[in-house]
Amino acid sequence: MTATLSRPTGAAAPSRGPDPRKRRLERLRLTAVVLVSLVFALPLVWMVLAAFKTNVQISNTADAVVFTPTLDNFRTVFDEGVFLPAMVNSIIVAVVSTALSALIAVPAAWAIGRFGMRRAGSWVLIARIIPAISLLVPWYYVFARLELVGGYTVLVLSHMFVSVPLITWIMIGFFEGLPVELEEAGRVDGLSAFGAFLRISLPLATAGTATACVLATVFSWNNFIFALILSDENTKTLPVALFNFISYASIDWGGLMAASTLMSVPVVLAAVFGQRYLIAGLTAGATKG
Amino acid sequence: MARTLEQENRRLKWTMIAPAVVFIGLMVVFPLAYTAWLSLTDAFGAVNADTRFLGLTNYTDALGDTRRFWPAVGRTFVFTVAAVVLELVLGMALAMLLRRPFRGMRWMRTILMVPLLATPVAVGVVWMLILDPTVGIANAILGLVGIPPQPFLGSVAQSLPTLILIDVWQWTPMMTLLLLAGLTTLPEEPEEAALVDGASAWQRFRLVTLPMLGTTIVTALVLRSVDALKTFDLIYATKGAGGGSSYEAETLNVYAYGITFDYSEYGLAAAVLVLFTVLIIGIVVVLRLRSEKAGS
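Residues numbered from 1 in each chain as written. Chains lettered and ligands numbered in written order. Predicted model: local features only at pLDDT ≥ 70, side-chain atom pairs only at ≥ 80, totals over all residues.

J.: Would you mind going over the overall build of chain A with me for this structure?
T.: For chain A, the helix and strand inventory stands at 15 helices and zero strands. The globule rule puts the C-alpha radius of gyration for 289 residues at 19 Å, and the 24 Å found for chain A is more than 25% above it. Principal-axis analysis of the C-alpha atoms gives chain A an extent of 75 × 70 × 30 Å. In chain A, which comprises 289 residues, the proportion classed as buried is 44%. Sequence-distant contacts in chain A: of pairs separated by 6 or more residues, those separated by 24 or more amount to 74%. (Helix = DSSP H or I, 4+ residues; strand = E, 2+ residues; numbered from the N terminus. Rg over C-alpha atoms; globule rule 2.2 N^0.38 Å. Buried ≥ 20, exposed ≤ 12 C-beta atoms within 10 Å, placed from the backbone. Contact = placed C-beta atoms within 7 Å.)

In structure tokens, the structure reads:
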């Protein structure tokens, strides 16, 4: 144990360790890890399996793992004519709201991180605390008068309400981590303060910006409550389409699972390829208090 | 030179932060003020119908409502406390389990990421299938170990506990990742010293690691509590309007949504929302103050 504490890499090769008790412990730990990963992975594996099953196979435990796969559920989902437009809507809203949010949140985070504007910062972050429903009625009221309800504008604005604080929150940490000297060196070389931000700090924060934008896109993709109220038949997003699928049809489990699987594809891709960065983004600020 | 630099910086920092502050101001401050105003009126029906000033009637109505308001407050507390405590305990255990590196850590992290990035409505739908009393796999598995079939979300008594467990499944990974991030920032010396002094693994965890993780734990608790108090998607997707026919899973957020958009009782809904917002802010402040007291 002493050895593994001071040399973390030593834990990776316990098989030649001298103490058999330690080896047993390590084996126990790995068994626990496998069990835990099964608990978190299996529900989603079950979803994917069910997406390729007929409704008869879904309800029959004999077909739980070994069955003849079918693509019928995916065909149903696309033939309904709701899923594809909803996916396009979700993509439009997620991309536009994230881009606009980054445009205003990244400079704000830089100012907060660089100049220690903590009070202005908490002002932006208070939006994280307030229950969204308490804003929905006034939004609905105002946007209805402006005849914007049901359009993309109002969906984008409402999703920005989530993304702006999220991106700000993540980026403050990144900018605080950059040494001030880099910008000062740029100033000496004749850059304006804004130029120093644009040419020096911003390029250095590319990884952070990308992380924040991916997370903002995912949360917009997942958002249900805003589109539930503020969209109409033509602008409704995927979660609302999925929800309508539950409430009105007699439950077609195969179709629901196929739709859920398709919705999860971008999220799983993000988790697999951006794992390290996304974890850093999600946990940003948590260790500083 | 130094003065002008200072002035330039000052002008720039306000220019950079202004768009975000104005955006949040327009999207939050005006709407909140408007909600506060609505809570004092008899707003009902169409959004642009005439309203009359009522004073605090909506508040006394809400606070005097033992049929839906207070049970919803109770469920919100039960849901939040049970879910967050379970997530903290399980998340901590999991973080300690994953603390030292092992082969496959990358995959473990990916598996942990998926539940918390997954669409809550889709998560709800998947669990509805798994827990379905007739076609679900959960009862088939319980049957293998001799436990009789359970109704889960289909019953009044089991709905809230089931929703808590689904929330725990989805958000324990978040706790784990936050705590793991905290653990990596800890110095190794205190634990090594405790080891040399002959402390057991549990003593080292309880007396050395846990106190050093204080700030991370409080931040994680605040983040998760705020989100758990506001849980809407999962409950609304699985139980529908009103949290089920006997309101068995109706939390404050679902209740406020129902009286707003299903019954158009804007005045009463606004009062409930003001009370709810005050409650959330109160909880955040209390958690923060307690942590500051503990830290000093």
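J.: Honestly, the interface of chain B and chain A in this entry has me stumped. Any pointers?
T.: One frequently used descriptor of interface size is the decrease in accessible area upon assembly of the parts. Of the residues lining the interface, 83 residues belong to chain B; the matching set on chain A comes to 86 residues. The element contributing the most residues to the side of chain B that touches chain A is helix α1 (residues 2-38) of chain B, with 19 residues. Here the residues of the side of chain B that touches chain A sort into 59 nonpolar, 13 polar and eleven charged. (Nonpolar A, V, L, I, M, F, W, Y, C, P; charged D, E, K, R; others polar.)

J.: What is the right way to read the packing of helix α8 (residues 189-196) of chain B against helix α9 (residues 201-212) of chain B from this model?
T.: When two helices pack together, their arrangement is captured by the angle between the axes and the distance separating the axes. All names here are of chain B. Their axes nearest at 10 Å, the elements α8 and α9 cross at an angle of 165°. The pairing of α8 with α9 is recorded here as roughly antiparallel in orientation. Helix-helix and strand crossings are classified by hand; for α8 and α9 the assignment is right-handed. Together, P190, E191, A194 and L195 of α8 and R204, V208, T209 and M212 of α9 make up the contact between the two elements. For the contact of α8 with α9, the class distribution of residues is five nonpolar, one polar and two charged. (Axes fitted to C-alpha atoms, helices over the stretch in contact; angles between N-to-C directions. Parallel < 35°, antiparallel > 145°, perpendicular 65-115°, else oblique. Left-handed = near helix turned anticlockwise from the far one by under 90°.)

J.: Would you explain the UniProt feature "domain: ABC transmembrane type-1" (unreviewed entry) in chain B in this entry?
T.: Per the UniProt annotation, the sites labelled "domain: ABC transmembrane type-1" (unreviewed entry) are residues 73-287 of chain B. Taken end to end, residues 73-287 of chain B is 76% helix and 0% strand, and its first and last C-alpha atoms sit 19 Å apart. (UniProt positions renumbered as here; feature names shortened; annotations may be inferred.)

J.: Any chance you could explain the packing of helix α7 (residues 156-184) of chain B against helix α10 (residues 214-229) of chain B here in plain terms?
T.: Residues and elements named next belong to chain B. With their axes 10 Å apart at the nearest point, α7 and α10 run at an angle of 155° to one another. One way to sum up the angle between α7 and α10 is to call them roughly antiparallel. Crossing geometry of α7 relative to α10 is assigned as right-handed. Seen from α7, the contacting residues are D167, W171, M174, M175, L178, L179 and G182; seen from α10, they are T216, A220, R224 and A228. Class assignment for the residues of the contact of α7 with α10 results in seven nonpolar, two polar and two charged.

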